[in-house]
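Single-letter residue listing:
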Amino acid sequence: MATCPRGCAPAVRLCQKLNRLKTLDGDMMATSLKRCLSTLDLTLMGVGGMVGSGLYVLTGTVAKDTAGPAVIISFIFAGIASLLAAFCYAEFGASIPKTGSAYMFTYVSVGELWAFLIGWNVILENMIGGAAVARAWSGYLDSIFNHAIQNFTETHIMQWHVPFLAHYPDLLAAGILVVASVFISFGVQVSSYLNHIFSSISMGVIVFILVFGFVLAEPANWSQEQGGFAPFGLSGILAGSATCFYAFVGFDVIASSSEEAKNPQKAVPIATAISLGLAATAYILVSTVLTLMVPWRTLDPNSALADAFFRRGYSWAGIIVAVGSICAMNTVLLCNLFSLPRIVYAMAEDGLFFSIFARVNPLTKVPVNAILVFGILMAAMALMFDLEALVQFLSIGTLLAYTFVAASVIVLQSQAISEDTDEPKQYESLSDKIQLVDSQVTRERRGVGQLKACWEPYLDRLVGDCEPGEVVAFCVTGLIVSSVSLCVVLEFGNNELQLPVWSFAMLLVIFSLALILSLALIWVHEPRKNSKTFQVPLVPLTPGVSILINIFLMMKLSLLTWIRFTVWIAIGLFVYFGYGIWHSKEGKRELQPKDMAARYVVLPSGSLVETVQSVQPDGQVDTSGHLISSASIPAAEECAEKR
């Protein structure tokens, strides 16, 4: 067996630390939080997270500037793309009912450093998202009173003219965040109750808009005289889909709440499907009503729905729309304040973030420290910063999390997991794969992550001797690299790179073939079948397409967004290497000599014996060249004597 030189041993150990995986306890339902959320609670949380101010603002903006009445098709495409990502979240939320969402899913299947960076970005995403919604809530309410609040603040309190800062301190936005944080700290049931109230009012207003809007509908607004149904063509529909995709961001709050669900195995997939279906239906129908009520060219991007009713002579309906808009923004605000502390709590619980945030209040069963501290930080951002320049940063964190979760699904389904054991479970990463079983025995006992029997005559020589799941892990990397390369060529090949036509076409063919080959090699390996919890259909196609869509949308973001992203990642790496890597509970677990794990040993007779042994840092090499722990040798000899 090949060994690396002594000089590279520290680098190998560092690489193993960065890629170590989270070990899950046998009892997945055990938690210090309170499991009290039903399927209805999770569904309304998902609806509240998705159907927010975007319904009242985004529909008019995309219809007027990007797609025209074909915004309906844009929302259909965006809903399908979001469904692919939602499938991946639903599988993880059902099979691993732990709080932390994308952070947790990445930790159990990809590695510690990647999980930390995903969690780090999701934290910023939720903080900016919550602050932006609070400012939108404040501005919308202020506009109802003819901007009296803004005028009073600028005249009697203060105003400033500093780059990246707002023109005046938004006390109303900061105040609503502090109040909401206090309410959420009272417990998950209080948060759920408030969400029920605001979601019910919001959905009632949506029903009113649809019924009254269809009564006022005029099909002539889709006629050729008004520009037709799709005045911007297919390119406008696709551009609108890219914008509409972000309207569905928010369903991940369901996966974040899985540790507080009564029956997450069933509730998480059902709530994800229903909430996404309701949100997509609401966006599509409201877009239909809006573009039929008034000509799409005359829409007011800032308040399209209220303005449409006002122009049709029903100004009183605008008040109802305003109430619905405020309630919808309240639900989004609650979802941000609900998700953010739980991600911080999950990272702190694993030792990767400051331990003070891992404390759970014994009465309310929620991480009060994380709720209050990050609620106040969010309020400070809403108070001072002009968040218009930062809002686009939300996109890159969300898309990156979607990409890693989709990749994690493929990795997860190529690993054999014991579903019934009470022992700690640890998923295998590429750096942990050690060949312990004779290859002949392995071929005879095909399992999860191994080559399918029907493909053995064709591919066994090429990949038959690889470890279970090893080829899949490499192919997932190849899938991501080929997707990035393909999207770079598509987005920048003609303009920024100015590639010749033959070079552009050749690169498209090469990267497309590489992507298809990666998917094909993943498909020819045995997947993990689990009838107890939801699984993503059509793996690896479903997560593979999701990865491609997410990366393509990331390539459309501005250079300034990527620069901010790089700076935030650099700060995150400083936190991880300064604190997280030294306090990681998985790192401490590795130092404990009593950790037990199952290993398979091939006896001289050729039979396969499972032994439970202590995991030691040093090992021995058997006569066949396979590494086995020293603790397994007496156990194997004892088994041989008994035979």
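Now for a quick tour of the structure.

About the cut-offs
- By convention here, each chain's residues receive numbers from 1 onward along its written sequence.
- The predicted origin of the model limits local features to residues at a pLDDT of at least 70 and limits the giving and counting of side-chain atom pairs to 80 or more, whereas totals for whole chains, interfaces and linings rest on all residues.
- Hydrogen atoms and water are omitted, and side-chain values are computed over all heavy atoms in the structure.
- Stacked, edge-to-face and tilted labels apply to pairs of Phe, Tyr and Trp rings (six-membered ring for Trp) whose centres lie within 6.5 Å, assigned for plane angles under 30 degrees, over 60, and everything in between, in that order.
- Numbering of helices and strands runs from the N terminus; a helix is a DSSP stretch of H or I covering at least four residues, while a strand is a stretch of E covering at least two.
- For every residue, the accessible area obtained with a 1.4 Å probe (protein chains only) is divided by the maximum for its type, and the residue is called buried under 20%, exposed over 50%, and partly exposed between those limits.
- Two conditions define a charge sitting above a ring: the NZ of Lys or the CZ of Arg must be within 6 Å of the ring centre, and it must be within 35 degrees of the ring normal.
- Residue contacts follow a heavy-atom distance rule, with two residues in contact if any of their heavy atoms lie within 4.5 Å.
- Side-chain atoms within 4.5 Å link the members of a nonpolar core, which is a set of buried Ala, Val, Leu, Ile, Met, Phe, Trp, Tyr and Cys residues.
- Lines fitted to the C-alpha atoms define the axes, with helices restricted to the stretch that makes contact. Angles between their N-to-C directions range from 0 to 180 degrees.
- With respect to orientation, any angle under 35 degrees is reported as roughly parallel, any angle over 145 as roughly antiparallel, any angle of 65 to 115 as roughly perpendicular, and every other angle as oblique.
- For this classification, the nonpolar set comprises Ala, Val, Leu, Ile, Met, Phe, Trp, Tyr, Cys and Pro, the charged set comprises Asp, Glu, Lys and Arg, and every other residue, Gly included, is treated as polar.
- Salt bridge criterion: a side-chain nitrogen from Lys or Arg within 4 Å of a carboxyl oxygen from Asp or Glu.

What follows deals with the packing of aromatic side chains. For the structure shown, the criterion picks out 35 aromatic pairs. Here the aromatic rings of F116 and Y576 are separated by 5.3 Å at their centres, their planes lie at 45°, and the arrangement is tilted. Placement of F116 in helix α6 (residues 112–144) and of Y576 in helix α22 (residues 559–583) is noted, with a sequence separation of 460 residues between them. The pair F116 / Y576 is uniform in exposure class, with both members buried. Directly above the aromatic system of F338 lies the positively charged group of R342, at a separation of 3.7 Å from the ring centroid. Directly above the aromatic system of W523 lies the positively charged group of K452, at a separation of 4.5 Å from the ring centroid.

As a further point, take the environment of Q150. In this fold, Q150 is placed in helix α7 (residues 148–157). Between the alpha carbons of Q150 and L171 there is a distance of 9.5 Å; along the sequence they are 21 residues apart. The residues contacting Q150, other than those within four sequence positions of it, are D142 and Y168.

Bringing the nonpolar core into the picture now. Residues Y56, Y89, F248 and F353 are the most contacted members of the largest nonpolar core, which totals 156 residues. Counting residues in hydrophobic clusters, the runner-up holds 13 residues, among them M45, I254, A261 and A267.

Turning our attention to helix α3 (residues 53–67). Taken together, the buried positions of α3 are occupied by G54, L55, Y56, L58, T59, G60, V62, A63 and A67. Buried residues along α3 sit in contact with α4 (71–95), α9 (188–215), α10 (233–244), α12 (264–293), α13 (304–311) and α14 (315–349).

It is at 10 Å that the axes of α4 and α12 come closest, and there the two elements cross at 170°. The angle between the axes of α4 and α12 places the two elements in the roughly antiparallel class. On α12, the residues that touch V71, I72, F75, I76, G79, S82, L83, A86, A90, G93 and A94 of α4 are P264, Q265, V268, P269, T272, L276, Y283, I284, S287, T288 and T291. Of the residues in the contact of α4 with α12, the class split is 14 nonpolar, eight polar and no charged.

Scanning the model with the defined rule gives nine salt bridges in all. Linking E91 and R528 is a salt bridge whose minimum nitrogen-to-oxygen distance equals 3.9 Å. Pair noted here: E91 is in helix α4 and R528 is in the loop between α20 (501–523) and α21 (541–555), with a separation of 437 residues, a long-range link. Neither residue differs from the other here; E91 and R528 are each classed as buried. Residues E491 and K556 are paired through a salt bridge, measuring 3.4 Å at the closest nitrogen-oxygen approach. Here the residue E491 occupies a position in helix α19 (residues 470–492), and K556 occupies one in the loop between α21 and α22, the gap between them amounting to 65 residues. Judged by relative accessible area, which is 43%, K556 ranks as partly exposed.

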